[in-house]
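# Tertiary structure, described
Here is how the chains run, residue by residue.
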Amino acid sequence: MRAQVFHGPGDLRLEDIPVPEPAAGEVVLKVGAALTCGTDVKTLRRGHPVMIPRVPTVFGHEFAGTVTAVGAGVRRIREGDRVVAANSAPCGECRFCLGGRPNLCEDLLFVNGAYGEFIALPPRLVARNTVPLGRSVPLARAAFAEPVACALLAVERARVESGQSVVVFGHGPLGCLLAMLAAARKARVLLVGKAGWRFDRVRALEIGECLDASATPDVVAAIRAATGGRGADVTIDATGKPEVWEQAIEAAGRGGSVVFFGGCAPGTSIRLDTRRAHYEELTLLGTFHHTPEVIRRAVDLLEGGVLVPDGLLTHRMGLDGVAEALALMRSDRALKVLIEP
Ligand SMILES: [Zn+2]
Ligand SMILES: [Zn+2]
């Protein structure tokens, strides 16, 4: 089979490798849809010791497909089933898993291999984080389950509710998914981005009000003005920039919640007005990754048509287009690229 194999930073090769055979507990899928992700761009540039501990490995981590072979002992999933799998599976035994926070699992097993014609899912992923799909949901939409789950965990932790004002900083695919999920909960959504090709695309999706930070001298003042001077009920950073983390705190109103969704570079610190954090009872939340339960709720939202993220797919390519797709992502000329192996 053909696959895009990652050999190390900057070294991605389209290769012919054997179709995987399922070992006991494993399932092999024919990948029907894989999606590019900002993490791929970062990983290709500098590697990723957590998500990709060993090289070479087939690249890509957002995918959905059809089961072509099942290993001994697999019961819940059969040949011919259409499924989506997360890109990781928690151990189920550590104190975080037992405490109901498996996204913080001390032994999270990461799985890569979306950019290949076939992928073998390891037993733990099959058992904990592989979800069968109904007939009606297109694989390209189901493949969004993993990024949607990351965004959904953030929206759930912030307890976004109908009627609240929610500000999302960042107009990348995850900023958009966060905004779409908040809008699906009937919140009033303000999406803060920067002028350019991608922001024009995002505007056209009509997810919420859009604020161009590059044309706004004081973004926090603009958000305060848009919320009757109060500030937002919930603010979410999806940029991973420390100055924007600070804006997210400043733009949150009395009693508001601030979600730190975008990861900053290691060693980064931010300023915090302790008076506001205390007297205005701000809730400051980090969110990371997803859990098996949230993956299932994400699949439900996609299957039920509550969330239709198809508009984020700006390009569509075959396996040989992966390098070009990631270059488009890197130069802000794509939101997400659908790869059909
Ligand atoms: Zn991703
Ligand atoms: Zn664990």
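Residues numbered from 1 in each chain as written. Chains lettered and ligands numbered in written order. Predicted model: local features only at pLDDT ≥ 70, side-chain atom pairs only at ≥ 80, totals over all residues. Heavy atoms only, no water.

## A look at the pattern of salt bridges
Tallied over the full model, the rule gives 13 salt bridges. Between Arg198 and Asp332 there is a salt bridge, and its shortest N-O distance comes to 3.3 Å. Of the two residues, Arg198 sits in helix H7 (residues 197-204) while Asp332 sits in the loop between helix H12 (322-330) and strand S18 (336-339), which places them 134 residues apart along the sequence. A salt bridge links Glu246 to Arg271; the shortest N-O distance between them is 3.0 Å. Of this pair, Glu246 sits in helix H9 (residues 242-251) while Arg271 sits in the loop between strand S15 (252-260) and helix H10 (274-279); the two residues are 25 residues apart in sequence, bridging distant segments of the chain. (Salt bridge = Lys/Arg side-chain N within 4 Å of Asp/Glu carboxyl O. Helix = DSSP H or I, 4+ residues; strand = E, 2+ residues; numbered from the N terminus.)

## Some words on the coordination of the zinc ion (ligand 2)
At 2.3 to 2.4 Å from the zinc ion (ligand 2) lie its protein donor atoms, namely Cys91 (SG), Cys94 (SG), Cys97 (SG) and Cys105 (SG). Every donor counted, the four donor atoms about the zinc ion (ligand 2) form angles of 102 to 118° at the centre, which fits tetrahedral coordination. Positions of the donor residues of the zinc ion (ligand 2), expressed as sequence spacing, correspond to C-x2-C-x2-C-x7-C. Of the residues examined, Cys97 reaches a relative accessible area of 13% and is grouped as buried. (Donors = N, O, S within 2.8 Å, 3.2 Å for Na, K, Ca; no water. Tetrahedral: all angles 85-135°; square planar, octahedral: opposite > 155°, others 65-115°. Buried < 20%, exposed > 50% of the residue type's maximum accessible area, 1.4 Å probe, protein only.)

## Some points on the sheet that holds strand S16 (residues 283-286)
Spatially, six strands are ordered S13-S12-S11-S14-S15-S16 in an open sheet, and the strand pairing comes out parallel. Both outer strands of the open sheet, strand S13 (209-212) and S16, are each paired with one neighbouring strand and no more. Adjacent strand axes in the sheet meet at a mean angle of 20°, parallel and antiparallel pairs treated alike. In the packing of helix H6 (residues 173-184) onto the sheet, the strands contacted are strand S11 (165-169), strand S12 (188-193) and strand S14 (232-237), and the crossing angle to S12 comes to about 170°. Sheet contacts for H7: S12 and S13; angle to S13, the most-contacted strand, approximately 160°. (Pairing = 2+ DSSP bridges. Axes fitted to C-alpha atoms, helices over the stretch in contact; angles between N-to-C directions. Contact = heavy atoms within 4.5 Å.)

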